[in-house]
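Examining the three-dimensional arrangement
Listed here are the chains, written in short residue letters.
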Amino acid sequence: MELFIVFLSCMSVSFLVFAFITHHTFRHKLKMPATKLYILMYIVFIGFKILLSHLWYLDLINLSISEFLNLCFNIFYFYLFYLLVNDSFYKSCLVYVFQLQYAGILYWISSLVISKYVKLFSVKYYIFVTLIELSLFLITIIPIRVFLDNIVIPALEINNTKIWKLVVFSQLAFFIVKFLTITYIGMESRFSLFYLPIQIFLFIEFFILYYIQFQFIKKVNSNLTLERNSLYIKNQLDLQKDQYEKLSTYICETRVLRHDLKHHITIMKSCIEHEKYNELKKYLHEYEHSLCYNFNKDFCKNFAINCLLNHYINISNRNNIDMNICVDLPNNISVLDSDLCIIFGNCIENAIEASIDLDENKFINVNTKTHSNMIIITIDNSYNGILKKKNDMFLSSKRDFKYEGIGISSVLQIIKKYDGIIKFNHDNNKFEVSIIIHKNKI
């Protein structure tokens with residue numbers, strides 16, 4: 001009974017490592033209350049360890065089978081962990097492998113230090129291993145927390161599936177190699193002092209490798225952000241070019257009208273003198289139509305958004321898309337114009353891409369209003385009924401995979417910046433995105 005209690009204490013330290021890293025990393029993303037979650041995970045963890053130790057002491061399994069069962073349990077335990085955390089599979093996997101390796105290294109260093117002084121798997125063995133393991137955890141808890149706060153958690157905010165796949169697969173490959181290496185080492189060799197420097201090296205390598213990988217994630221995302229910003233600047237230049245062309249056309253038309261005004265007055269004056277009122281009426285009607293020019297419409301009081309809407313309605317008209325706009329936005333608002341342009345630009349651009357290749361019934365409806373301290377944006381459009389989706393994120397139909405999901409990711413970051421929410425709805429022929437952001441949150 002005494003052996004059983006100290007064994008549970010030793011295993012509980014490993015679970016403490018799991019609970020600390022999980023809670024510190026995903027505390028705002030748990031799908032159930034933290035207390036209930038950790039009680040559930042602890043019962044499952046300790047239950048398996050008790051079963052495994054019972055089989056071991058009854059000589060029903062050998063070391064290799066024990067290692068294999070541990071591997072199978074960790075796969076199951078990770079899947080359970082993933083189901084209880086509201087984040088992507090790859091992020092959850094990397095954090096789980098991180099805590100698994102960290103807890104494993106603490107246990108093996110503790111075991112190696114004490115193995116030469118007490119009998120393996122005895123009561124004293126588990127007591128001293130528990131004390132050393134807990135001491136190592138308390139010594140390293142501050143650097144681990146700093147590492148999580150400054151390296152891991154900022155990297156987890158990055159939403160790029162391709163980067164996370166690359167990092168997770170490389171880390172899993174390294175973990176499997178270490179696992180297979182340890183599996184083929186005999187019990188006596190594992191607890192020899194010769195093995196201690198190897199574990200210390202693995203402990204140092206563990207942090208270096210994760211540091212490099214998380215820095216790699218941040219660097220790649222930084223490059224993608226620069227590319228995204230360059231695309232945004234290009235889009236702004238296109239808008240300015242479009243506005244300049246319209247202004248130039250307007251100036252040229254105005255010059256022509258001013259030049260021809262004298263002739264028009266002469267003709268109208270002649271019609272009046274000869275009492276040809278029907279001809280005058282017809283002439284005035286024709287002249288009125290000749291004065292119509294395609295310049296900016298006033299969709300809202302916000303200048304930047306008004307220019308953006310004019311740009312996209314011209315694109316829609318050229319592609320025979322029926323675009324209806326009802327936007328009520330004041331000029332002075334506590335949301336950055338650049339942020340609003342990214343939200344409207346990406347959503348409308350995706351709507352155009354979804355509608356442009358349809359044969360009929362092509363439409364886009366843009367509705368925006370302010371209520372209290374909120375801006376409510378609703379954009380719905382026609383589409384072909386086929387959606388691209390990854391990790392609960394809808395993707396545009398852009399052909400260039402390099403920028404796949406970047407636009408939506410930018411929108412999500414801005415919505416988070418203003419403590420907002422986004423919701424997607426769709427049926428067979430209509431896709432709708434609804435966004436709420438708070439005007440006083442920056």
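Source: prediction; values computed, not measured. Residue numbers here run from 1 along each chain, matching the order of that chain's written sequence. For a predicted model such as this one, the threshold for reporting local features is a pLDDT of at least 70, and the threshold for listing and counting side-chain atom pairs is 80 or more; totals across whole chains, interfaces and linings nevertheless cover every residue. Water and hydrogen atoms were dropped before computing side-chain values, which therefore reflect all heavy atoms in the structure.

Section: the overall build of the protein
Let me state the cut-off plainly: For helices the rule is a DSSP run of H or I covering at least 4 residues; for strands it is a run of E covering at least 2, with both sets numbered from the N terminus onward. Three exposure classes are used, based on accessible area relative to the maximum for each residue type with a 1.4 Å probe and protein chains only: buried under 20%, partly exposed in between, and exposed over 50%. The contact criterion used is simple: two residues touch if any of their non-hydrogen atoms lie within 4.5 Å. Throughout, the Shrake-Rupley method with a 1.4 Å probe supplies accessible areas, and for residues the shown protein chains are the sole cover considered.
When you go through the protein residue by residue, the secondary structure sums to 12 helices and seven strands. When each of the 442 residues of the protein is scored for burial, the buried share is 44%. Taking contacts inside the protein between residues at least 6 apart in sequence as the whole, the part at least 24 apart equals 73%. About 24800 Å² of surface is accessible on the protein, with carbon and sulfur atoms providing 62% of the total.

Considerations on the sheet that holds strand β2 (residues 363–371)
Within a beta sheet, neighbouring strands are joined by backbone hydrogen bonds and run either parallel or antiparallel to one another. Definition in use: The rule for pairing is simple: two strands pair if DSSP sees at least two bridges between them. Only C-alpha atoms enter the line fits that serve as axes; for helices the fit covers just the stretch in contact. Angles between N-to-C directions range over 0 to 180 degrees.
In spatial order, the strands read β1-β2-β3-β7-β6; together these five strands make up an open sheet with mixed pairing. With partners counted over all chains shown, the strands left at the sheet margins are β1 (322–327) and β6 (421–426), one partner each. Here the strands of the sheet are splayed against their neighbours by 10° on average, with no regard to which way each runs. Taken together, the nine bridges between strand β3 (residues 374–382) and strand β7 (residues 430–438) define a ladder with antiparallel strand orientation. Of the residues in β7, the one forming a bridge with aspartate 380 is glutamate 432. With respect to the sheet, helix α10 (residues 303–318) is in contact with β1 and β2, its orientation differing from that of β1 by roughly 160°. On the sheet, helix α11 (residues 337–355) packs against β1, β2, β3 and β7 and is oriented at approximately 15° with respect to β3.

Quick notes on the pairing of β1
Walk down a regular strand and you will see the side chains alternate between the two sheet faces. The cut-off we apply is this: Clockwise travel from the first strand over the helix to the second, with the strands pointing away from the viewer, marks a crossover as right-handed.
Every second residue of β1 is oriented toward a common face, the buried set being Met323, Ile325 and Val327 and the non-buried set Asp322, Asn324 and Cys326. Summarising the sheet, β1 and β2 pair through six bridges and their orientation is parallel. Note that in β2 the partner of asparagine 324 across the bridge is asparagine 365. With α11 bridging β1 and its parallel neighbour β2, the resulting β-α-β unit is left-handed.

Observations regarding the pattern of salt bridges
To keep it simple, the criterion reads: Think of a salt bridge as a Lys or Arg side-chain nitrogen and an Asp or Glu carboxyl oxygen that are within 4 Å of each other.
Counted according to the given criterion, the structure contains four salt bridges. Residues lysine 91 and aspartate 87 are paired through a salt bridge, measuring 3.8 Å at the closest nitrogen-oxygen approach. There is no split in this pair, since lysine 91 and aspartate 87 are both buried. Three or more residues are tied together by salt bridges with common partners; here these are Lys29, Asp87 and Lys91.

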